[in-house]
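An overview of the molecular structure
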Amino acid sequence: RCKLDLAWQKKFLSQYTESEIYLQECETYFSETDQSTALARCWRLRARLLINKGQFEEAAHFIEAARQIYLQDNSRVGMAYLARDEGILLLYSTTDFNRTSTTMQLAATLFEECELIELHFNCVETNLCVIDIDDLEKELLAPDEEASTELGEVPHEKFKGSIPKYGFPTRGIYRYNY
């Protein structure tokens, strides 16, 4: 899987340290291989991480850098995602509701124009990954022996549930300790 996708996933799971590690690798790779659109996607993630840290000015800098690349490449999809990210930045950094609302409306309009809501990918390719939806479906529906169990076999743990077998220790629970 693509390391940049992993970095985004780690961000959404609030695993910021791991996200930073993957992001740094991707930024280095994309800048060395002169892949500006992928680098702009890295900068969008960098901006989102900075927003989470409350570093709004730095986040705005990365959003603007990504905007320049998307404008240069005439990327409507990139601009749609960027407008959403800018709306999120405004949501956290300002009390100007009208500007925030306008930016989010722009993002929604761009998403509709790009038909991203109904877009289906058979295969997504970058230099770092190839994700084939058909292979993913096969992996989930017919896993190999290492990822599956015998028919009817249920993996067991030593202890199950959240309530101890003999209940919670309640002795002295209502005592006052001075």
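That block above? That's the structure.
Below is a short write-up of the structure. (Residues numbered from 1 in each chain as written. Predicted model: local features only at pLDDT ≥ 70, side-chain atom pairs only at ≥ 80, totals over all residues. Heavy atoms only, no water.)

Here we look at the overall build of the chain
- Across its full length, the chain carries seven helices and two strands.
- Sequence-ordered secondary structure for the chain, helices as α and strands as β, is α-α-α-α-α-α-β-β-α.
- Out of the 178 residues in the chain, the part that is buried amounts to 29%.
- Relative to all contacts within the chain whose residues are 6 or more apart in sequence, the contacts with residues 24 or more apart total 51%.
- By element, 52% of the accessible surface of the chain is carried by carbon and sulfur atoms, the whole surface being about 13400 Å². (Helix = DSSP H or I, 4+ residues; strand = E, 2+ residues; numbered from the N terminus. Buried < 20%, exposed > 50% of the residue type's maximum accessible area, 1.4 Å probe, protein only. Contact = heavy atoms within 4.5 Å. Areas by Shrake-Rupley, 256 points an atom, 1.4 Å probe, with all protein chains shown as cover.)

Some thoughts on the nonpolar core
- Of all hydrophobic cores here, the largest spans 31 residues; its most connected members are Leu4, Leu23, Phe30, Cys42 and Leu45.
- When contributions to this core are tallied by element, the ones reaching two or more residues are helix H1 (3–12), helix H2 (16–32), helix H3 (36–53), helix H4 (56–73), helix H5 (76–93) and helix H6 (97–114).
- Here this core gets ten residues from one element, more than from any other, and that element is H3.
- The residues touching Leu4, leaving out its near neighbours within four places in the chain, are Leu23, Cys26, Phe30, Ala38, Arg41, Cys42 and Leu45. (Core = buried A, V, L, I, M, F, W, Y, C linked by side-chain atoms within 4.5 Å.)

Overview of the packing of aromatic side chains
- In the structure shown here, the tally under the stated rule is two aromatic pairs.
- For the pair Tyr29 and Phe30, a centre-to-centre distance of 5.6 Å together with 65° between the ring planes defines the contact as edge-to-face.
- Judged by relative accessible area, Phe30 falls into the buried class, the value being 2%. (Phe/Tyr/Trp six-rings, centres within 6.5 Å; stacked < 30°, edge-to-face > 60°.)

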